[in-house]
Amino acid sequence: MEKLGFSYQRLLKFKDVLEKRKGVSDWWLLTRPREWQYKPAFHLYSQRFGRSSSFGFSEEKKFVIQDGNAFDFKSSNYTKKDYYFYLALFCSSTFDRLLSIYSKRIMKGYDLGKAQIKNIPIVDVCNNHIRETEIYYQMVDIGVRLTEGESYLRYKADSLVKTFYPDEEKIY
C-alpha cells in the first residue's frame, strides 16, 4: 500500500473513519467496488446525488468513483470529443429541468443513479449527424473548458443545448 504514494498518504488521513465501514476487509478498499472501476477508460462521472453542476470528466483514466456514478458508453463509436459534448450537455440548466421531470428529488438535488435517469431523452451524437455541426464543436470546447475549471461556461452551454430540445414547453 505504501508504494501508492499520494493515494496512500491521502487515504491514511481518513484511516479511522475508513476502518469503521461494514463489509470491507481492508480499510483502504472500496465499499462497493464495480467491475468497470478496474479497467482504465474514459468515464463521465457524477456525484451520487446532485444536479447539473455535479458532473465531471477526466482524460487520465486513473480515477475511481467511491460514492457516485460513472457513465459508460457501451458502443465503441463514441469518441473522446463526444464525452466532452455530453459533459457540456449534462452541465446545462436544460439538464436540470430534465432531472426535475425524470429523476427523484433528494434534498437540494436529484438521484443521479442509472435507474432514476435512464428515461431522460438524450441526443445521440452517433445517430443524428450532430458531429457534423458547429454546435457540436462549440459544445466540445465548452466541455473541455469545464474540465479546466471554467464553470461559468455552463451558462453558454444552455443556449446551445436548447437546439437539441426545441419543444421547451414539453420538458419544462
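Report follows, based on the coordinates. (Residues numbered from 1 in each chain as written. Predicted model: local features only at pLDDT ≥ 70, side-chain atom pairs only at ≥ 80, totals over all residues. Heavy atoms only, no water.)

1. A closer look at the overall build of the protein
For the protein, the helix and strand inventory stands at 8 helices and 6 strands. For the protein, the N- to C-terminal ordering of α and β elements is α-α-β-β-β-β-α-α-β-β-α-α-α-α. Looking at the protein as a whole, 37% of its 172 residues qualify as buried. Long-range contacts, defined here as pairs at least 24 residues apart, represent 59% of the contacts in the protein between residues at least 6 apart. Within the structure as shown, the protein displays about 11200 Å² of accessible surface, and the carbon and sulfur contribution to it stands at 51%. (Helix = DSSP H or I, 4+ residues; strand = E, 2+ residues; numbered from the N terminus. Buried < 20%, exposed > 50% of the residue type's maximum accessible area, 1.4 Å probe, protein only. Contact = heavy atoms within 4.5 Å. Areas by Shrake-Rupley, 256 points an atom, 1.4 Å probe, with all protein chains shown as cover.)

2. Focus on the sheet that holds strand β2 (residues 49–50)
One open sheet holds the 3 strands; their spatial order is β2-β6-β5, and the pairing between them is antiparallel. Looking at strand neighbours, the two that pair on one side only are β2 and β5 (105–106), the edges of this open sheet. Sheet topology note: the β5/strand β6 (residues 109–111) ladder contains 2 bridges and is antiparallel. Of the residues in β6, the one forming a bridge with R105 is Y110. (Pairing = 2+ DSSP bridges.)

3. Let's talk about helix α3 (residues 80–90)
Counting buried positions along α3 gives 9 out of 11 residues, so the element sits mostly inside the fold. Residues of α3 that are buried: D82, Y83, Y84, F85, Y86, L87, A88, L89 and F90. Looking at the packing, one finds that the buried side of α3 touches β1 (43–47), β3 (55–58), β4 (68–71), α4 (93–102), α6 (134–147) and α7 (154–161).

4. Describing the nonpolar core
Residues L44, F55, F85, Y86 and L89 are the most contacted members of the largest nonpolar core, which totals 36 residues. Elements with a minimum of two residues in this core: β3, α3, α4, α6 and α7. Considering every element that reaches this core, the biggest residue donor is α3, with 8 residues. Here L89 is in contact with F95, I122, V123, M139, V161 and Y165, once residues within four sequence places are set aside. (Core = buried A, V, L, I, M, F, W, Y, C linked by side-chain atoms within 4.5 Å.)

5. Re the pattern of salt bridges
Under the defined criterion, the tally for this structure stands at 4 salt bridges. When the shortest N-O distance is used, the salt bridge between D96 and R51 registers 3.9 Å. A residue pair is termed long-range when its members are at least 10 positions apart, and D96 in helix α4 and R51 in the loop between β2 and β3 qualify at 45 residues. The exposure class of D96 is buried, given its relative accessible area of 14%. Note on R51: relative accessible area 30%, which makes it partly exposed. A salt bridge links E150 to R145; the nearest nitrogen and oxygen atoms lie 3.0 Å apart. (Salt bridge = Lys/Arg side-chain N within 4 Å of Asp/Glu carboxyl O.)

6. Examining the packing of aromatic side chains
If you walk through the whole model with that rule in mind, you get 11 aromatic pairs. Relative to Y86, the ring of F85 has its centre 5.2 Å away and its plane inclined at 90°; by these criteria the two rings are edge-to-face. Looking at F85, the relative accessible area reads 0%, which means it is buried. A relative accessible area of 2% means that Y86 is categorised as buried. Between F90 and F95, the aromatic rings sit 4.8 Å apart at their centres with planes inclined by 40°, giving tilted as the arrangement. For F95, a relative accessible area of 2% gives the class buried. (Phe/Tyr/Trp six-rings, centres within 6.5 Å; stacked < 30°, edge-to-face > 60°.)

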